[in-house]
Every structure is written in structure tokens, then in C-alpha cells.
Amino acid sequence: MRVIAVALAVAMTTWADETLQPLPGNSPSRELVADEFEAHENSPWFFLLGFSNAHPRIESEQLIDRYFNSTMGFLSPTYDDVMTVGDLRDSGLLWVPYIGVGRVMSPKWAVFAQAGYAAGKVRTKADDPSILILPLHTDVEIKRGALYGGIGADYFPFGMPELREYDGFMDRLRGTKLNVGPRITWTNATYKAKVKVGFKPFDNLVDYTESDEWLLPSVSANIGADVPISKRSQLSFNASYNRFFDERDDFEGPSFTVIWKRFFGKRSSLDK
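Since the model is a prediction, treat every value here as computed from it, not as a measurement.

A. Examining the overall build of the protein more closely. Helix and strand content of the protein: 6 helices and 10 strands. A separation threshold of at least 6 residues defines the contact pool for the protein, and within that pool the share at least 24 residues apart is 71%. A total accessible area of about 15600 Å² is found for the protein, and carbon and sulfur atoms account for 62% of it.

Below you can see the structure in the form of C-alpha cells.
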């Protein structure tokens, strides 16, 4: 946690230097940001909608392949392995949606808060001929869920994309800006597995249920690029590595996100 504190301290110090140091013409950078949003009729506040493609380790599911699949394969030569959440991960199907709100703090810094939720299950149910003549019945269901929320900051070393209208792909590509920044997240993760095994027409020999739940803090280092779409919209493409302090073998890993940012319109004089 001391690493996080140092990183945040450095970020706040850098932000303070940028916002308080006068620019040419004796105009503070805070006023420059205000003038820019005034000119483009945008608020410094923005809404974001994102989708994160997660690649957690999920090493606990290796026990299924090591013990369950091998045993069932011995009993039935035609038995097919259980589908797991790890299979969805390997197929690139673990997409987690989230929403958030952020604010531009200076020409190079933006902060935000975000929250999301995703849950799903995979089920493998089959009847296969067995070496004991009777059909082998297997039914395995795995369900995982994650509710999370967090805060973060983006630093744009070359400045943020301009808030203006763009003409064509190349104009938008030239206006793309790189960013880096930290994220701090708290995740409430749930897990539930049901396993049933038997030989038809008899009752199941195995009928087992296991469930667990964790509240897990994590930190992430992010690198990305913001692509301007219009004077109020941007697309952000990011890659990050998520480091968990507990249950690392299951939850730690990289993720890739696509974010749509939409700046709010400036308040009218009647709203002020």
C-alpha cells in the first residue's frame, strides 16, 4: 500500500505544479482548461462507458482437468472435458461492462471513478457410454461473478485530444494522444460450482456444491490512447495489468479495455 501512496503523492504533486504554475501571458493552466471548454461549449466533466476483456489466471480450475476430467475419461473413453470459465477466457469472451464519471483537472490530467458488474455460468451435461456398461451421467455447472468499483487517473504527456470537429480517419488519427495512469479497484468476487456424477438409471453417486466469496483490493498500471471522434466524444483503448493482494492465482492478470467518453454540455446561464 506504500507504493500506492507514493504514486498518488507524485501524481498530486505533478498536478499541482501544472495547475498552479502560470503559463505565458500570466494565465494559469486552470484558466486555460476553463477557456478551452468554454470555447467548445463542453463541461470538464465526462461520462464513460467501457468494456474490459479480462484474462485472469483462474489456476484453481486446473484441478478440474487434473482430477475430474482424467477420472471421467478413464470411466468413459468418449467423455469430453468440462467447459470452464477459463475456456471462455482463452476464447476472449470474458467481457466486463462498466460505467463511470470523470473530470479534466488540467491540460494533462484527468481523474475518474467507475463501477461494473458481470456474472455468468458454464454448464457441461452429458451421458456417455462407460467401461461399466451403464451410461455415465455427468453434470458440472460453474458460476462466477464480479461486482467492482474503483478510482483512477490518466496522465497525457503530450496533452489531451482537442475538443473539436474532425474530418476523416487521418485527422482523428493525428489527434490521438497517449496516456498512462494508475487504478485502484475493489472487487466483490463470487464463485459457485455444482457437480453431479452417476450411472443411469441409478441416482447420482456424487452430488456436490461448493461456493465462496471474496472482497479483493487490486492496483493496476495502465497505458492507452484516446482517439477523438467529435468535439464531445472520444474512444479510449487501454491495456493494463491487474495486481491483486489476495487470491492472486485466480484473479491476477492483464486486461484490455475499450471506453467511450462523452463530455457533458456546458451549463446555460440559467443553470448557473
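After that view, the rundown keeps rolling.
B. The arrangement of a negative patch on the surface in detail. Together, Glu210, Asp212, Glu213, Asp246 and Glu247 give the surface a local cluster of negative charge. Relative to the helices and strands, Glu213 is located in strand 8 (residues 204–228).

C. Highlighting the packing of aromatic side chains. A full pass over the atoms with the stated rule returns 7 aromatic pairs. A centroid spacing of 6.5 Å and a plane angle of 65° characterise the contact between Phe68 and Tyr79, whose relative ring orientation is edge-to-face. With Phe68 in helix 3 (residues 62–75) and Tyr79 in the loop between helix 3 and helix 4 (85–90), this residue pair connects regions lying 11 residues apart in the sequence. Per residue, the accessibility class of Phe68 equals that of Tyr79, and both read buried. Taken together, Trp214, Phe244 and Phe251 form an aromatic cluster joined through their ring pairs. Directly above the aromatic system of Tyr166 lies the positively charged group of Arg164, at a separation of 3.9 Å from the ring centroid.

D. Here's a closer look at the side chain of Arg89. Mapped onto the elements of the fold, Arg89 is located in helix 4. Accessibility expressed as a relative area gives 17% for Arg89, which makes it buried. From its side chain, Arg89 meets the backbone oxygen of Arg57 in a polar contact 2.6 Å long. Those residues in contact with Arg89 that lie beyond four places of it in its chain are Ala54, His55, Pro56, Arg57, Ile58 and Leu94.

Conventions we followed
- Residues numbered from 1 in each chain as written.
- Predicted model: local features only at pLDDT ≥ 70, side-chain atom pairs only at ≥ 80, totals over all residues.
- Heavy atoms only, no water.
- Helix = DSSP H or I, 4+ residues; strand = E, 2+ residues; numbered from the N terminus.
- Contact = heavy atoms within 4.5 Å.
- Areas by Shrake-Rupley, 256 points an atom, 1.4 Å probe, with all protein chains shown as cover.
- Patch = residues over 30% accessible without salt bridge, like charges linked within 9 Å, V, L, I, M, F, W, Y side chains within 5 Å.
- Salt bridge = Lys/Arg side-chain N within 4 Å of Asp/Glu carboxyl O.
- Lys, Arg positive; Asp, Glu negative; His and termini not counted.
- Charge placed at Lys NZ, Arg CZ, Asp CG, Glu CD.
- Phe/Tyr/Trp six-rings, centres within 6.5 Å; stacked < 30°, edge-to-face > 60°.
- Buried < 20%, exposed > 50% of the residue type's maximum accessible area, 1.4 Å probe, protein only.
- Lys NZ or Arg CZ within 6 Å of the ring centre and 35° of its normal.
- Polar contact = N/O pair within 3.5 Å; in protein donor to acceptor, adjacent residues only side chain to side chain.

Remember, this is a structural readout, not a statement about activity or role.
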